[in-house]
Amino acid sequence: MSVTRLLTIAVDAMGGDHGPAVVVPAVLDFLAQDPEVAVTLVGLRSPIESLLLASPIYGSVRTRIALHEASQLVSMEESPVLSLKNKKDSSLRVSINLVKSGAADCCVSAGNTGALMATARFVLKMMPGIERPAIATTMPSIRGPVYVLDLGANVDCAPEHLLQFGIMGSILATSPECPQPSVGLLNIGHEAIKGSEIIKRASELLRTAPIRFHGNVEGDDIYKGTVDVVVCDGFVGNVVLKTSEGLAWMLGQMIRTEFNRSFWTRLAGAVALPVLNRFKRRVDHRQYNGASLLGLRGLVVKSHGGADAYAFRHALLYAVTEVRSNVLGRIQEAVQERENLAS
């Protein structure tokens, strides 16, 4: 009688600014909430085991935690090329190897973005029909989460690359609640005559793609929720992401400062606290933590390097959602269908 393996995530326990101190508590908390998931923690045995044994949660989830040793670490400042060449037993690379071998369904790491991308591309290889990987994640809008890609993997993109991003993003955003996601191309205006020649050509290609293409969108359309997916090159996408994070932080600081100006403003703040807390939860960037490395022959999710346990738990949830919705298989099918139509 065969035993069905639980959905398994390989987690780079040493990655990010905080390493096991954040990753291990996040994993334990996540496993306590989802009994149908197992995790393989990858990294140095001693610090991981110490944190596991010190946790009151560990006893209830220990049968769903494995520890896979890796003797090397990749620092956040390390060269992607050198890490790929010299760190073959790093926690980052071993985690990706587990996905390639089939021992894990997905890999999650808060480590060096460049090293993660380079290693994942080298180990897993690109999916047939996809020329470049793209980093994709969700951002808040008035209508709910909006997927944005690419967020930094490709500074310069050809029209064909933006087309591929649109197809992958559409599949990533597809769900029972959103069966036909709308896709927009980020531009300096909605009009078809605006933008660079690359953007104009990408718009033409996207209109012929098997997706629901809305047309050009501007930066404010992200927060209005005009479309479900926004496509752009990695240079623009990374600027948009970092600007959004900075804006959310600034608004929080400004609101806090204004309510602390006097006794009366503090009193008003106490009265408004339930509303303020709801607002904070809606714009809290930590609940949007987790970015897909799309286009690879395996699922890899990047967590923010400075993530706390709450944010890292959301990256784990993001990864599990991708596995359960068969994002990888659906992208492969869509790309193959497009190639069949073109031939």
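Check the entry above for the structure.
**Topic: the pairing of strand E1 (residues 7–12)**
- Among the six residues that make up E1, six are buried, leaving the element largely enclosed by the rest of the structure.
- Neither face of E1 is open: one carries Leu7, Ile9 and Val11, the other Thr8, Ala10 and Asp12, and all of them are buried.
- In this sheet, strand E2 (residues 37–43) lies alongside E1 in parallel orientation, the contact comprising six bridges. Across the sheet, isoleucine 9 pairs through a bridge with valine 39, a residue of E2.

**Digging into the sheet that holds E1**
- The strand order E3-E2-E1-E4-E11-E10-E5-E6-E9-E7-E8 describes an open sheet built from 11 strands, whose pairing is mixed. Pairing within the sheet leaves two strands with one partner each, and these edge strands are strand E3 (65–69) and strand E8 (212–217). Recorded for the sheet is a direction-independent mean angle of 25° between the axes of neighbouring strands.
- As paired strands, strand E5 (residues 134–139) and strand E6 (residues 146–149) are joined by four bridges and run antiparallel to one another.

**Re the side chain of aspartate 228**
- One can find aspartate 228 in the loop between helix H9 (219–224) and strand E9 (229–231).
- Among buried charged residues, aspartate 228 stands out as having no salt bridge; its nearest opposite-charge side chain is arginine 143, 4.3 Å away.
- In this structure the side chain of aspartate 228 is engaged in a polar contact, spanning 2.8 Å, whose partner is the backbone nitrogen of serine 182.
- When residues no more than four places from it in sequence are discounted, the contact partners of aspartate 228 are Arg143, Val146, Tyr147, Cys178, Gln180, Pro181 and Ser182.

**Some remarks on the pairing of strand E7 (residues 182–186)**
- Extensive coverage of E7 is indicated by the burial of five of its five residues.
- In the classification by handedness, the crossover that spans E7, the intervening helix H8 (residues 197–208) and the parallel E8 is right-handed.
- Looking at chain direction, E7 and E9 are connected through three bridges and run parallel. Note on E9: the bridge partner recorded for glycine 184 is valine 230.

**Things to note about the pattern of salt bridges**
- For the coordinates displayed, the defined rule picks out 11 salt bridges.
- Taking the shortest distance from any N to any O, the salt bridge between lysine 194 and glutamate 191 comes out at 3.5 Å.
- Among the residues examined, lysine 194 registers a relative accessible area of 35% and is labelled partly exposed.
- One salt bridge connects arginine 261 with glutamate 258, and the closest N-O pair in it is separated by 2.9 Å.
- Because the salt bridges share partners, they merge into one network encompassing Asp34, Glu36 and Arg324.

**As for H8**
- For H8, spanning 12 residues, the distance from its first C-alpha to its last is 17 Å, which sits close to the expected 16 Å at 1.5 Å a residue.
- Listing the buried residues of H8 in full gives Ile199, Ala202, Ser203, Leu205 and Leu206. Buried residues along H8 cover an arc of 165° about the axis, so they all sit on one side. Structural note: H8 exposes Glu197, Arg207 and Thr208 on the side pointing more than 90 degrees away from its buried face.
- Against helix H7 (159–173), E7 and E8 lie the buried residues of H8.

Cut-offs and rules
Residues numbered from 1 in each chain as written. Predicted model: local features only at pLDDT ≥ 70, side-chain atom pairs only at ≥ 80, totals over all residues. Heavy atoms only, no water. Buried < 20%, exposed > 50% of the residue type's maximum accessible area, 1.4 Å probe, protein only. Helix = DSSP H or I, 4+ residues; strand = E, 2+ residues; numbered from the N terminus. Pairing = 2+ DSSP bridges. Axes fitted to C-alpha atoms, helices over the stretch in contact; angles between N-to-C directions. Lys, Arg positive; Asp, Glu negative; His and termini not counted. Salt bridge = Lys/Arg side-chain N within 4 Å of Asp/Glu carboxyl O. Polar contact = N/O pair within 3.5 Å; in protein donor to acceptor, adjacent residues only side chain to side chain. Contact = heavy atoms within 4.5 Å. Right-handed = clockwise from strand over helix to strand, strands pointing away. Expected span 1.5 Å × (residues − 1). Arc of directions from axis to C-beta.

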